[in-house]
Amino acid sequence: MKKTFGALLLIALIIVSCKSISGIAFKIDEDNCISCGECMNVCHHNAIVYDGDKPVIIQSKCVGCGDCVSVCPKSAIK
Ligand code: SF4
Ligand code: SF4
C-alpha cells in the first residue's frame, strides 16, 4: 500500500514538473469552478485574477508550480 502511494505521488510530481519545464499552461475549467478563491489565495506569483466572477490564470506569470491544482476543491484546474 505504501509503495503504491509512493508511486502515485512520484507520478504526480513528475507530471507537475514536466508542465513546469515544458511551459505547458494550467487552465481553469469555468464549468467546474465554484469561485471559492482558494487558487488565488495560494498562488505566490499573483498569476490568478478574477475576470468577472471566475478566476483566470495569467499565463505570463504562471510558473507551473501546481499549487492551485492541489487546493482546488472541484479539480477545475488542469
Ligand atoms: S500553477 Fe502555480 S504559479 Fe501557476 S497559477 Fe497555479 S499556483 Fe499560480
Ligand atoms: S480553487 Fe478551483 S473552484 Fe475555487 S476558484 Fe479556483 S478554480 Fe474555482
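Below: a short report on this structure. (Residues numbered from 1 in each chain as written. Chains lettered and ligands numbered in written order. Predicted model: local features only at pLDDT ≥ 70, side-chain atom pairs only at ≥ 80, totals over all residues.)

Looking at the overall build of the protein
Worth spelling out the cut-off: Elements are defined by DSSP. Helices are runs of H or I of four residues or more, strands are runs of E of two residues or more, and each kind is numbered from the N terminus. Burial is judged by counting the other C-beta atoms within 10 Å of a residue's own C-beta: 20 or more makes it buried, 12 or fewer makes it exposed, and any count in between marks it as partly exposed, with every C-beta position built from the backbone. A pair of residues counts as a contact when their C-beta atoms, built from backbone coordinates, are within 7 Å of each other.
Helix and strand content of the protein: 3 helices and 2 strands. In sequence order, the secondary structure elements of the protein are arranged as α-α-β-β-α. Sorting the 78 residues of the protein into buried and exposed places 18% on the buried side. The contacts of the protein with a sequence gap of at least 6 include a subset with a gap of at least 24, amounting to 64%.

Describing the environment of Ser70
Checked against the element boundaries, Ser70 lands in helix H3 (residues 67–71). Judged by the 13 C-beta atoms lying within 10 Å of it, Ser70 is partly exposed. On a C-alpha basis, the gap between Ser70 and Glu38 in space is 9.9 Å, while along the polypeptide they are 32 residues apart.

Regarding the site of ligand 1
This is how it is decided: As used in this record, a residue near a molecule or strand is one whose C-beta atom, placed from the backbone, is within 6 Å of it. For this scheme, ten residues count as nonpolar: Ala, Val, Leu, Ile, Met, Phe, Trp, Tyr, Cys and Pro. Four count as charged, namely Asp, Glu, Lys and Arg, and the remainder, Gly too, count as polar.
Near ligand 1 lie 14 residues; those nearest to it are Cys43, Cys62, Cys65, Asp67 and Cys68. Split by residue class, the shell around ligand 1 holds 10 nonpolar, 3 polar and 1 charged.

Digging into the nonpolar core
Definition in use: By our criterion, buried Ala, Val, Leu, Ile, Met, Phe, Trp, Tyr and Cys residues that link up through C-beta atoms within 7 Å make up a nonpolar core.
The biggest cluster of nonpolar side chains holds 12 residues, and these are Phe26, Ile28, Cys39, Cys43, Ala47, Ile48, Ile57, Cys62, Cys68, Cys72, Ala76 and Ile77. Among residues more than four places away in sequence, those in contact with Cys43 are Ile48, Asp67 and Cys68.

Comments concerning the environment of Ser35
In this fold, Ser35 is placed in the loop between helix H1 (2–22) and helix H2 (38–42). Overall, Ser35 belongs to the partly exposed group, with 15 C-beta atoms counted inside 10 Å. In this structure, the C-alpha to C-alpha distance between Ser35 and Tyr50, residues 15 residues apart in sequence, is 8.9 Å. Residues in contact with Ser35, not counting those within four places in the same chain, are Asp53 and Lys54.

Examining the environment of Cys72
Following the sequence through the fold, Cys72 ends up in the segment after H3. Between the C-alpha atoms of Cys72 and Gly37, which are 35 residues apart in sequence, the distance is 8.8 Å.

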